[in-house]
Amino acid sequence: MDVPDYDLPADAIAQVPAEPRDSARLLVGLSEPPGHVRVADLPSLLGPGDVLVVNTSRVVPARLALHKETGGAAEVLLLERLASEGPAESWDALVRPGRRLAPGTVLFAGDQAVLEVGERRPGGSREVRSLVPDLTLYGSVALPPYIHQPLADPERYQTVYSDQPGSVAAPTAGLHLTAVLVDQCRQRGVQVAHVDLAVGLGTFRPIKAGPLEAHTMHSERYRVPEATWRACQEADRVVAVGTTTVRALESAAATGLLESRTELFIQPGHRFSVVDVLMTNFHQPRSTLLVLLEAFAGPGWRRLYEVALAEGYRFLSFGDAMVVGRHVPR
């Protein structure tokens, strides 16, 4: 199966926005022709019987700019907490320059010894051991590589409801929602529920050349509260905010486990068991997120992307959004 692809002009990639979150444009692909509204109009598309599910994972300050005792610069990107032994933590991490950081190397922030570099792990990462109570106090948020502006306010790369630290990247569809907008949804009779999926670095990795079936999907930790699962089972429509929410819910359905790790690769042919409507940003070419969109919305995603590009929508993490229904093959 071919990997979904399209041409994304550089000037269509959004940078850090100055506008309010819910002023982003929303392409409505629930019927023909597609409609053009703002995210602030989302409550008007929902009503009683709908369950709006969000991902409450919070982005950790995972990028650490450190140095060796000799003064040489080093960078560490924390990927996932592995274990805690007393006050010490160990993390799975990427380190640079990896070849010059032998196991046992201690890295510093100023005069403070912060971590010790450990052994190599599968996939090219390293285990690092914390020498301080909280490594993330020495870090900053790792923005996607296509964002070229610094964040004036780090909270702009967090959802307003984030409360479960663990992600390397934000669940970006949720960046558009405000507390007021969520309350407006509730006032229309919409039930709001949550999941927790820790977004990993793999979300940025494009699919390499070769058939789609050859791609190895990255693993992520998820948790679906029992109350959320019950609400989804009883809903008329389950509206997922973001592909990470879809992955958590569909993983729970596939495995019967409400809390676990998932390597589920949602691609065309997947039988969706939970999600009926998806609100999502516009994704990178040849990404697993775009594959999920094709699986969910069918081949019509291409027409919607063409419309979005022609109408000047902004793409990727800080870009605009779309809302689409589940495609039912004929």
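Residues numbered from 1 in each chain as written. Predicted model: local features only at pLDDT ≥ 70, side-chain atom pairs only at ≥ 80, totals over all residues. Heavy atoms only, no water.

(A) Summary view of the nonpolar core. Residues Leu115 and Tyr157 are the most contacted members of the largest nonpolar core, which totals 78 residues. For this core, the leading source of residues is helix H4 (residues 288-297), giving six residues. Contact partners of Tyr157, with chain neighbours within four places excluded, come to Val59, Val141, Ala142, Leu143, Pro144, Leu151, Ala169, Ala170, Leu175, Phe204 and Phe318. Residues Ala24, Cys185, Val239 and Val323 belong to the second largest nonpolar core, which totals 21 residues. (Core = buried A, V, L, I, M, F, W, Y, C linked by side-chain atoms within 4.5 Å. Buried < 20%, exposed > 50% of the residue type's maximum accessible area, 1.4 Å probe, protein only. Helix = DSSP H or I, 4+ residues; strand = E, 2+ residues; numbered from the N terminus. Contact = heavy atoms within 4.5 Å.)

(B) Geometry of H4. H4 sits mainly inside the fold: 10 of its 10 residues count as buried. Those residues of H4 lying buried are Thr288, Leu289, Leu290, Val291, Leu292, Leu293, Glu294, Ala295, Phe296 and Ala297. In this fold, the buried residues of H4 make contact with helix H3 (243-255), strand E16 (277-281), helix H5 (301-310) and strand E17 (321-325). One or two positions beyond H4, positive phi appears at Gly298, with a value near 80 degrees.

(C) Region of interest: the environment of Val128. As for its position among the elements, Val128 is in strand E10 (residues 126-130). Classification of Val128 as buried rests on a relative accessible area of 0%. On a C-alpha basis, the gap between Val128 and Asp92 in space is 6.5 Å, while along the polypeptide they are 36 residues apart. Ignoring anything within four residues of it in the chain, the contact list for Val128 reads Leu78, Glu89, Ser90, Trp91, Ala93, Val95, Leu115, Glu116, Val117 and Gly118.

(D) Local environment of the packing of aromatic side chains. Within the structure shown, the criterion is met by 10 aromatic pairs. With a centroid separation of 5.2 Å and 85 degrees between ring planes, the pair formed by Tyr6 and Tyr305 is classed as edge-to-face. One end of the pair, Tyr6, is in the segment before strand E1 (25-29); the other, Tyr305, is in helix H5, with 299 residues separating them in the sequence. On the basis of relative accessibility, which here comes to 12%, the residue Tyr6 falls in the buried class. Ring pairing ties together the aromatic residues Tyr6, Phe282, Trp301, Tyr305, Tyr313 and Phe315, which thus form one cluster. Seen from the ring of Tyr313, Arg25 lies directly overhead, with NZ or CZ sitting 4.0 Å from the centre. (Phe/Tyr/Trp six-rings, centres within 6.5 Å; stacked < 30°, edge-to-face > 60°. Lys NZ or Arg CZ within 6 Å of the ring centre and 35° of its normal.)

(E) Examining the pairing of strand E2 (residues 35-38) more closely. The pairing of E1 with E2 spans four bridges and is classified as antiparallel. What sits directly across from Leu26, in E2, is Val37. (Pairing = 2+ DSSP bridges.)

(F) Local environment of the packing of helix H2 (residues 226-234) against H3. H3 packs onto H2 with a crossing angle of 85 degrees between their chain directions and a minimal axis gap of 12 Å. Our classification of the angle between H2 and H3 gives roughly perpendicular. Contacts between H2 and H3 involve Thr228, Trp229 and Cys232 from the former and Leu249, Ala252 and Ala253 from the latter. Of the residues assigned to the contact of H2 with H3, the class counts are five nonpolar, one polar and no charged. (Axes fitted to C-alpha atoms, helices over the stretch in contact; angles between N-to-C directions. Parallel < 35°, antiparallel > 145°, perpendicular 65-115°, else oblique. Nonpolar A, V, L, I, M, F, W, Y, C, P; charged D, E, K, R; others polar.)

(G) View of the sheet that holds strand E13 (residues 220-223). The sheet built from nine strands is open, its strands ordered E2-E1-E17-E16-E14-E3-E12-E13-E15 with mixed pairing. This sheet does not close on itself; its edge strands, each paired only once, are E2 and strand E15 (259-262). On average, each strand axis in the sheet is tilted by 25 degrees relative to the strand beside it, whichever way the strands run. As defined by bridge partners, strand E14 (residues 237-241) adjoins E16 across three bridges and the pair is classed as parallel. Directly across from Val241, in E16, lies its bridge partner Met279. H5 contacts E1, E2, E16 and E17 of the sheet and is inclined by roughly 150 degrees relative to E1.

(H) Molecular detail of H2. Looking at H2, one finds that the buried residues are Thr228, Ala231 and Cys232. Seen end-on, H2 carries its buried residues on one side only, within an arc spanning 100 degrees. Of the exposed residues in H2, those oriented more than 90 degrees away from the buried face are Glu226 and Glu234. Tucked into the core, H2 has its buried residues touching strand E3 (50-55), strand E12 (191-197), E14 and H3. (Arc of directions from axis to C-beta.)

(I) Molecular detail of the pattern of salt bridges. Considering all chains together, one arrives at 15 salt bridges under this definition. Between Arg261 and Glu80 there is a salt bridge, and its shortest N-O distance comes to 2.5 Å. In this pair, Arg261 is assigned in strand E15 and Glu80 in strand E6 (residues 73-85), connecting sequence segments 181 residues apart. The exposure class assigned to Glu80 is partly exposed, which follows from its relative accessible area of 28%. As a salt-bridge pair, Asp183 and Arg186 come within 3.1 Å of each other at their nearest N and O atoms. Here Arg186 and Asp183 lie together in helix H1 (residues 179-187), a separation of three residues that amounts to about one turn. Using a relative accessible area of 36% as the deciding quantity, one classes Asp183 as partly exposed. The class for Arg186 is partly exposed, based on a relative accessible area of 44%. One connected set of salt bridges, linked through shared partners, spans Glu19, Arg314 and Asp320. (Salt bridge = Lys/Arg side-chain N within 4 Å of Asp/Glu carboxyl O.)

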